[in-house]
Every structure is written in structure tokens, then in C-alpha cells.
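Read off the chains here:
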Amino acid sequence: QAAGNSSRDISNWDNYPHPKFLHSDSLAGNWITVAASDTNGCLASFSNYGQAVVNLLAPGVAIYSAAPGGNQYMQLDGTSMAAPVVSGVAALLRSYFPSLSAAEIKSILEASALPVGMNCGPSIKGNKVPCCRAGLVNAYRAVQLAWKRTKGR
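The structure contained in this document is the topic of the report that follows.

What counts, and where the lines are drawn
- Residues numbered from 1 in each chain as written.
- Predicted model: local features only at pLDDT ≥ 70, side-chain atom pairs only at ≥ 80, totals over all residues.
- Heavy atoms only, no water.
- Core = buried A, V, L, I, M, F, W, Y, C linked by side-chain atoms within 4.5 Å.
- Buried < 20%, exposed > 50% of the residue type's maximum accessible area, 1.4 Å probe, protein only.
- Helix = DSSP H or I, 4+ residues; strand = E, 2+ residues; numbered from the N terminus.
- Contact = heavy atoms within 4.5 Å.
- Axes fitted to C-alpha atoms, helices over the stretch in contact; angles between N-to-C directions.
- Parallel < 35°, antiparallel > 145°, perpendicular 65-115°, else oblique.
- Left-handed = near helix turned anticlockwise from the far one by under 90°.
- Pairing = 2+ DSSP bridges.

## Describing the nonpolar core
Move 1: Judged by nonpolar contacts, the single largest core of 24 residues is most densely connected at Val-34, Leu-56, Val-86, Leu-93, Ile-108 and Leu-109.
Move 2: For this core, the secondary structure elements donating two or more residues are strand E1 (34–37), strand E2 (56–59), helix H1 (79–96), helix H2 (102–111) and helix H3 (139–150).
Move 3: Looking at this core element by element, the count peaks at six residues for H1.
Move 4: Ignoring any residue separated from it by four or fewer positions in sequence, one finds Leu-109 in contact with Ile-32, Leu-56, Val-86, Val-89, Ala-90, Leu-93, Val-137 and Ala-142.
Move 5: Counting residues in hydrophobic clusters, the runner-up holds 10 residues, among them Leu-43, Tyr-49, Leu-57 and Cys-131.

## Notes on the packing of H2 against H3
Move 1: Relative to each other, H2 and H3 sit at 130°, their axes nearing to 9 Å. Taken together, the axes of H2 and H3 are oblique relative to one another. Every pair of crossing elements has a handedness; the one defined by H2 and H3 is right-handed. Between H2 and H3, the residues in contact are Glu-104, Ser-107, Ile-108, Leu-109 and Ala-111 and Arg-141, Ala-142, Leu-145, Ala-146 and Arg-149, respectively.

## Some points on the sheet that holds strand E7 (residues 135–136)
Move 1: Taken in spatial order, the three strands make up an open sheet running E1-E2-E7, and their pairing is parallel. Because the sheet does not close on itself, it has two edges, and the strands there are E1 and E7.
Move 2: Taken together, the four bridges between E1 and E2 define a ladder with parallel strand orientation. Residue pairing in the sheet places Ala-35 in a bridge with Leu-57 of E2.
Move 3: On top of the sheet, H1 reaches E1 and E2; it is set at about 110° to E1, its chief contact.

Laid out in C-alpha cells, this is it:
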């Protein structure tokens, strides 16, 4: 899910859709929330963030994309550009390692993410805060980790 483009911490905010089940305090275990990174791999200025609820960062600035009107393309910014990057890496893992469960793929995506330093996070009241749980999605490292985890299956 795209984290949203309001430049705010969504850790304690009802950001919809969200992983919490209706009439329950339990969360969907396979849910992934994605914030947008800028061209330097840091949190994009417009992206929502929150270490408690945002799993990963993915490129979301100046993404070349199809535009309305037929045969038109433009560069777009947003968490809606970032979330499909993570979906694509998850699909890559699923296609090459079909024995992996959705929960395992989520775990691999998080474990293989490139750590994002505090300098890349937002400032709240002058203090830098983490922008996500895992870091910047990395397809190469995800495939390496999936290979290690599936050897012998």
C-alpha cells in the first residue's frame, strides 16, 4: 500500500487502507506500506512516513510513467509510484522462488532492504526520526536472500 503524500507521520493516524482488521486489534501479517524515496534514496519531502507502520522506501520521485491521453508519458512523483516498485520485487521473488509464502517474501523484502540513515528521515521538533521500519527496497539483495533461504527446498 502507498503510504500517502501528506508529509506526516502516520504511526498514530488512521491512514486508509490500513492493515488493521475491522472489529479487531489484529493486523494483516502480509501487509506492506511503502513510502517514497527521492533520487538520493532518502525520504521524499512529500511522503508520509512512520517507523511503526511504514515497512519500506522505494523510488517515488521522477518516475517515468504512462499518462492519460494515449501514447503519452511523463515523470510523476508519489507513493503511488513507489508502491508498485515493491510489488514488482515481490512478484520477482514469487516467480523465481514459488515455494516462498507471502509472509516469507515480506520478511525477505524487509531483511534485504538497504538501511536508511537518520539523515534521510524527517525532523520533528528539530529531532531526526526514522522514516520506516526496514529501509530502501533492494531487488538484488532480496534475490540473494531468497536464494539462501530456499536452498534445499
